[in-house]
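# Fold and contact review
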Amino acid sequence: MTKHLKFLATAYFLITGCFVGNAQKQENTERKQLFDYSWKFNLGDTPAASANNFDDKNWRNIDLPHDWSIEGKLNPNNPVGGDGGFFPAGIGWYRKTFTLPALWKGKRISMYFEGVYMNSEVFINGKSLGMHPYGYTTFSYDLTPDIDFNNENVLSVKVDNSIQKNCRWYSGSGIYRHVWMVVTDPIHVAQWGVAITTAEVSSTKATVLIKTKVKNETNSSQSLVLKTALLSGNAKNVGNNQLKVELLPNSEKEIAQTIIVSKPSLWSPETPTLYEAQIQVLKDKNVMDDTKTNFGIRSIKFSPANGFQLNGKIIKINGGCVHHDNGCLGAAAFDRAEERRVELLKAAGFNAIRTSHNPPSEAFLAACDRLGMMVIDEAFDGWKEQKNKYDYASIFNEWWQRDLESMVLRDRNHPSIIMWSIGNEIIERKKPEAVETAKMLSNCIRKIDLTRPVTSAMTTWDNDWEIFDPLMATHDVCGYNYELQRAPFDHLRVPSRIIVQTESYPKDAFANWKLVRNNNYVIGDFVWTALDYLGESGIGRWYYSGDIPGEHWEGNLFPWHGAYCGDIDLTGWRKPISHYRNMLYNNKEKLYMAVREPEPEPIEIKVTKWAVWPTWESWTWPGFEGKGIQVEIYSRYPKVRLYQNNKFIGENATTEEQQFKATFTVPYASGELRAVGISDNKEVETTTLRTSGSAARFKLSADRSTIVANGQDLSFVTVEVTDNNGIIQPNCENKLQFNINGPGVIAGVDNANLKDIDSYVGSTRKAWHGRALVVIRSTKNAGDIKLTVSSPGLTDAVAHINSKKK
């Protein structure tokens, strides 16, 4: 173990929009102000749009976050190809006109972009502030020298996603994350200038180290006081520190403060406790800057002997890889959409996420902190050698350091983040140069953060493996993609190696679980993937005789435009594999039943490498009467029994020897299937599937019946088509109509069918397997939002969402 493996607890730093103290000089100016509203947008290249006097009255009025690709039509000729899901890309321009109060003269004003895809150029009042090519990292520009306090100002942003292909999955296009205006005094805490770690953690006390970088952007020396208070969740003060600081003109200094917290509540997936640090910079008792920082206290340690330990407890990682899109919302990173993804993964039993293959949104990481989800934060898909013609390799040499530092500085204090990843299946991995690149990237991270290990995801598509030993040696934890079966042999050869499987096939869940459970040096498994996603079209698909054969990389599979390899589909429905994986790693779910889709002879079903057999929560198979259909039962009971229409079918063991599965072949007849878990020869738990009648009505389920009237909040409404008894009709593919009344809009519609090329933005969508999804977005007006769902021959249904001012 090298010295940088003395991992420490960390905390999470996110400056929220807070009013600055009570100092009169500050005039209660909000430090960080959301800049998402009242933009103008035009799709197409309009170079003149950078000028203040450009006429944009005919442009669209939009609010951010915004992804124009998801609004467009899918077409097999779109240049993003199957990688990008056949969505349109191109060039777009954004403009926003604003004025600033004269009271702000003398302040520092900057614009903070959380993410723009891609090749953005930002202008203020016609002047170019710079270009930022990478679409996944955060950046900011100082507006101070160019602000006009006497007239209107215009911020213009050109976004160029026309050079294709530049990504292997759906990227989206546009200003798809938040934009903020940051207003400070010339004396202030630097951007990403707070780092909080806990060098010593126990149940009795924690030593919290707060490092704060303070900037003096004046022409005179400054005598200051840095004051820090730590608060618990109920706002109880748990510790303070105050130091005098001397700053030279136009300089910055990092100040370290240590505070002891008695009897801390430690952050973990089970108890994701967060504290708050209030950090103030004072001059002559006036508050120059005031930031509030949520943080968590926890310790992490990695070793071959004990694997991964969180707060001294050995934890096995049940992880999933996720891309950044939000299904029918595209790449738009609404806070609620990001939070919901974490909620879905948490409910499915995952305890960790790998952000493949780029840094995620700040809202996503904040949700992981708040809800208790561990994270591998990943920087890049590739390094110097390209996977696509115009991918990150084309800018690596110029931009790698800025982008990597952006990720680590922004994210270093999230307690949810347990590892940094520097890459994924690097093309040049067999070359000695790759070892030097890995050292360069790892050392860059370690200069900023010594509290977490560095990993990357490595694999082979041939027989070479030991050739990667020098490259793996540059990492603290070695990421294996699809190669975990090598771990026992590798441990004999390199006993100091700590291993995590960074990608795995869904079908290998049981074998991987055993390797994780039985070997301390194997700390966990991340399945590819936890969620379905747009792009990488056709991965995880199954197909029928007569369809285009082969894997997703072997040809154009349009209309497939996404990946069906996730445990959870694009509507949020947990597939059977999700329930099975949850049973392997957790004890909250013990019995589940689903039915393998039967083959309509002579047609055969074929599954691809990332697929599992199409399996459904359905006992509605018209046309298969009397034919044998396979019923799968997943169980953590020693045995299960199956009944059909109250007739005993059989009893099978479901122990580890049977991989916690039992399969029964049952002649199809409509009615009821009942699976029963058996313990001590007693029937202790039951689950059923019932045949559905004809589609008759809808069942609407909103994940939230009350949302905030801020123009950003969302309610996800699941639509199920049922018979008159409320049983879902899984064969229903009716076209559904969605109508909204009240202060809300339809942000997106979905059905999880990645072969359905109907628009994700609109007011209609076909059902698929009896389901659809409608996403409702609030406006800035409060009131009752009424969603009406209709379809010919079915009874209308209504859902009410209450939109309230916060």
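Across the 10 residues of strand β14 (residues 222–231), 7 count as buried, placing the element largely inside the fold. Of the pairings in the sheet, the one linking β14 to strand β15 (residues 237–247) comprises 10 bridges and is antiparallel in character. The residue of β15 that forms the bridge with Lys227 is Gln242. What sits between β14 and β15 in their antiparallel hairpin is a turn of 5 residues, with Ala235 showing a positive phi close to 70°. Where β14 and strand β17 (residues 275–283) come together, 7 bridges link them in antiparallel fashion. Residue pairing for β17: Leu231 is matched across the bridge by Glu276.

Moving on: the sheet that holds strand β37 (residues 639–644). Strands sit in the order β38-β37-β40-β41 across an open sheet of 4 strands; the sheet is antiparallel. Here the strands that pair on one side only, and so sit at the sheet edges, are β38 (647–653) and β41 (682–690). Taking each pair of neighbouring strands and ignoring which way they run, the sheet shows an average axis angle of 20°. Here β37 runs beside strand β40 (residues 672–679); their pairing, made up of 6 bridges, is antiparallel. In the sheet register, Leu642 faces β40, and the bridge partner there is Ala675.

This brings us to the pattern of salt bridges. Counting across every chain of the model gives 51 salt bridges. Taking the shortest distance from any N to any O, the salt bridge between Lys107 and Asp185 comes out at 3.7 Å. Taken as a pair, Lys107 in the loop between β5 (90–98) and β6 (108–113) and Asp185 in the loop between β11 (179–184) and β12 (187–201) lie far apart in primary sequence, 78 residues in all. Close ionic contact of Arg497 with Asp469 constitutes a salt bridge, the shortest N to O distance being 2.9 Å.

Evaluation of the coordinates by the stated rule reveals 45 aromatic pairs. Relative to Phe123, the ring of Trp93 lies with its centre 5.8 Å away and its plane at 20°, an arrangement referred to as stacked. Taken together, the positions of Trp93 in strand β5 and Phe123 in strand β7 (residues 120–124) put the pair 30 residues apart, joining distant regions of the chain. For Trp93, a relative accessible area of 1% gives the class buried. For Phe123, a relative accessible area of 9% gives the class buried. Seen from their ring centres, Tyr564 and Trp768 are 6.1 Å apart, and the 85° between their planes marks the pair as edge-to-face. Here Tyr564 is found in the loop between β32 (562–563) and α8 (576–585), whereas its partner Trp768 is found in the loop between β47 (764–766) and β48 (771–778), with 204 residues between them in sequence.

Below, the discussion takes up helix α4 (residues 432–448). Look at α4: 26 Å from first C-alpha to last across 17 residues, which is about the 24 Å you get at 1.5 Å a residue. Taken together, the buried positions of α4 are occupied by Ala434, Val435, Thr437, Ala438, Leu441, Ser442, Cys444, Ile445 and Arg446. Looking at the buried positions of α4, the neighbouring elements they touch are α3 (396–411), β25 (417–424), β26 (454–458) and α5 (469–472).

All right, on to the confidence of the model for the protein chain then. Counting all residues, the mean pLDDT for the protein chain is 95, and 97% of those residues have values of 70 or more. This stretch, residues 1–26, has a pLDDT under 50; its non-local contacts, to residues over four places away or in other chains, come to 104 contacts.

Another aspect to go through is the sheet that holds β11. Strand order across the open sheet formed by 4 strands is β2-β11-β6-β9, with antiparallel pairing between neighbours. Where the open sheet ends on each side, the last strands, each with one partner, are β2 (32–34) and β9 (139–142). Strand-to-strand, the axes of this sheet are offset by a mean angle of 25°, without reference to chain direction. Relative to β11, β6 runs antiparallel, the two sharing 6 bridges. Looking across to β11, one finds that Met111 is bridged to Met181.

This brings us to helix α1 (residues 335–347). Taking 1.5 Å per residue, 13 residues should reach 18 Å; α1 reaches 18 Å between its end C-alpha atoms and fits that length. Check the buried side of α1 and you find it contacts β23 (352–354), α2 (362–371), β44 (714–722) and β48. Once α1 finishes, Gly349 follows within two positions and takes phi at roughly 100°, a positive value.

The next thing to look at is the nonpolar core. In terms of nonpolar packing, the biggest core is built from 118 residues, with Leu329, Leu345, Phe380, Trp383, Leu404, Trp619 and Leu642 touching the most fellow members. Ignoring any residue separated from it by four or fewer positions in sequence, one finds Leu329 in contact with Asp67, Ile70, Phe334, Ala337, Leu714, Phe716, Ala747, Gly748 and Val775. The next biggest cluster of nonpolar side chains, apart from the first, holds 28 residues, and it includes Trp68, Phe113, Val116 and Val183.

Our next topic: the pairing of β25. Counting buried positions along β25 yields 8 of 8 residues, so the element is predominantly enclosed. Where strand β24 (residues 374–378) and β25 come together, 4 bridges link them in parallel fashion. When the bridges of β25 are listed, Ile376 appears paired with Met419. At this point the chain moves from β25, through α4, to the parallel β26, and the crossover so formed is right-handed.

What follows is about the side chain of Thr722. Within the secondary structure, Thr722 is located in strand β44. By relative accessible area, which is 2% here, Thr722 ends up buried. Residue contacts for Thr722: discarding those within four places in its chain leaves Ser694, Ala695, Ala696, Arg697, Lys699, Ile727, Ile728 and Gln729.

Procedures and definitions
- Residues numbered from 1 in each chain as written.
- Predicted model: local features only at pLDDT ≥ 70, side-chain atom pairs only at ≥ 80, totals over all residues.
- Heavy atoms only, no water.
- Buried < 20%, exposed > 50% of the residue type's maximum accessible area, 1.4 Å probe, protein only.
- Helix = DSSP H or I, 4+ residues; strand = E, 2+ residues; numbered from the N terminus.
- Pairing = 2+ DSSP bridges.
- Axes fitted to C-alpha atoms, helices over the stretch in contact; angles between N-to-C directions.
- Salt bridge = Lys/Arg side-chain N within 4 Å of Asp/Glu carboxyl O.
- Phe/Tyr/Trp six-rings, centres within 6.5 Å; stacked < 30°, edge-to-face > 60°.
- Expected span 1.5 Å × (residues − 1).
- Contact = heavy atoms within 4.5 Å.
- pLDDT = per-residue confidence, 0-100.
- Core = buried A, V, L, I, M, F, W, Y, C linked by side-chain atoms within 4.5 Å.
- Right-handed = clockwise from strand over helix to strand, strands pointing away.

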